[in-house]
Amino acid sequence: MPTAKVTIHGGDYDCSEMVRMCYAAVGVLPRSSYMWTGNELELLGQYGFKQRSLSSPATGDVLWRAGHTEIYLGNGMQGGARGSETGGITGRQGDQTGSEVTRSAYRAKDWTVLLRYEGAKECQGIPCAIAAALVADHIIDHNAHGYSQPNRAGDGTTETVSITWEDYTVTWLKAPQRCTVSGRVAIVREAPKTSAKIVTRYAKGEHVSIDGVTAANGRWWGVYVGASTGLTRFVSLDAVRPVVA
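Rules used throughout
Residues numbered from 1 in each chain as written. Predicted model: local features only at pLDDT ≥ 70, side-chain atom pairs only at ≥ 80, totals over all residues. Heavy atoms only, no water. Pairing = 2+ DSSP bridges. Helix = DSSP H or I, 4+ residues; strand = E, 2+ residues; numbered from the N terminus. Axes fitted to C-alpha atoms, helices over the stretch in contact; angles between N-to-C directions. Parallel < 35°, antiparallel > 145°, perpendicular 65-115°, else oblique. Left-handed = near helix turned anticlockwise from the far one by under 90°. Contact = heavy atoms within 4.5 Å. Nonpolar A, V, L, I, M, F, W, Y, C, P; charged D, E, K, R; others polar. Phe/Tyr/Trp six-rings, centres within 6.5 Å; stacked < 30°, edge-to-face > 60°. Buried < 20%, exposed > 50% of the residue type's maximum accessible area, 1.4 Å probe, protein only. Lys NZ or Arg CZ within 6 Å of the ring centre and 35° of its normal.

Undergrad: Which residues make up the sheet that holds strand β2 (residues 49–52), and what values go with them?
TA: Pairing within the open sheet is antiparallel, and its six strands lie in the order β2-β7-β3-β4-β5-β6. What marks the edges here is a single partner per strand, and that holds for β2 and β6 (101–105). Between one strand and the next, the sheet's axes are offset by a mean angle of 30°, whatever the strand orientation. Taken together, the five bridges between strand β5 (residues 77–81) and β6 define a ladder with antiparallel strand orientation.

So, in structure tokens, the structure goes:
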């Protein structure tokens, strides 16, 4: 389970600065680079990004359309800087609303181009594309920075954050599998290990829908993406059984 420490700058981000900063933090783009949506495709093309199909996104892919850009976060989610508390591109520093930087379900039709980093660099043992998405997740989860176009170069401060790659493989099902809790309780956790933080519990006889499965830390886990949070959750398959039609 590789963990890396990366440095991000303070100040507010607009959409392109958030994408640029994530890839600068993990060592792909020079920290001195300047990027906006008008030069983004050309700049990224100089640093190992290749255009790929919008129908098959991978974690860390850069999503672009004229005037806006975000990062594909994995597990069917996209995220980035979307607007200030006033609904425009300027506002007070910081994420005032909790949604100035945010995530939502991926929609290919929102985008014109998908760019994938295919260079050989890693970030302290983590593939750079995955590391960039983890940095974006950190910013979103901590409401670290709002959207303020005039200040996209940062305010001179820096922040060191730790990112951890849970390097397990999930096999996603073609359709959700409805399961019944067969034990006394089914515990849902943030990661596929018994020491991970508990998110919620399901009592015997209740139902939970599983989107995929993974093997980790000596057991099989059911995996689902929270409808309200967009975050991946894990429940031990020892505690549930499929509902047979």
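Undergrad: Can you lay out the packing of helix α1 (residues 15–25) against helix α3 (residues 128–141) for me, pointing to particular residues and giving the numbers?
TA: Running from N to C, α1 and α3 cross one another at 125°; their axes reach a closest spacing of 8 Å. Comparing the axis directions of α1 and α3 gives the class oblique. Crossing handedness for the pair α1 and α3: right-handed. Where α1 abuts α3, its residues Met18, Met21, Cys22 and Tyr23 lie against Cys128, Ala129, Ala132, Val135, Ala136, Ile139 and Ile140. Classifying every residue of the contact of α1 with α3 by side-chain character gives 11 nonpolar, no polar and no charged.

Undergrad: Explain the environment of Leu231 to me, and be specific about the residues and the numbers.
TA: Take Leu231: it is sitting in the loop between β15 (219–225) and β16 (232–236). Put simply, Leu231 and Leu41 are 190 residues apart on the chain and 29 Å apart in space, counted from C-alpha to C-alpha. Excluding residues within four positions of it along the chain, Leu231 makes contact with Arg103, Asp141, Tyr224, Val225 and Gly226.

Undergrad: Before we move on, can you summarise the sheet that holds strand β11 (residues 171–181) with the specific residues and values?
TA: Read across the sheet, seven strands follow the order β13-β12-β16-β15-β14-β11-β17 without closing on themselves; strand pairing throughout is antiparallel. Bordering the open sheet on either side are β13 (198–203) and β17 (240–242), each of which pairs with just one other strand. Sheet twist, expressed as the mean angle between neighbouring strand axes with direction ignored, is 45°. As paired elements, β11 and β17 share three bridges and run antiparallel to each other. Residue pairing for β17: Cys179 is matched across the bridge by Pro242.

Undergrad: Which residues make up the packing of aromatic side chains, and what values do they have?
TA: Enumeration over the complete set of coordinates arrives at four aromatic pairs. Arranged with centres 5.2 Å apart and planes meeting at 80°, the rings of Tyr72 and Tyr106 form a pair that is edge-to-face. With Tyr72 in strand β4 (residues 68–74) and Tyr106 in the loop between β6 and β7 (113–117), this pair connects stretches of sequence that are 34 residues apart. Each of the two residues, Tyr72 as well as Tyr106, counts as buried. Members of the aromatic cluster, connected to one another through ring pairs, are Tyr23, Phe49 and Tyr117. Looking at Arg65, its charged tip hangs above the ring of Trp111, at a distance of 5.0 Å from the centre.

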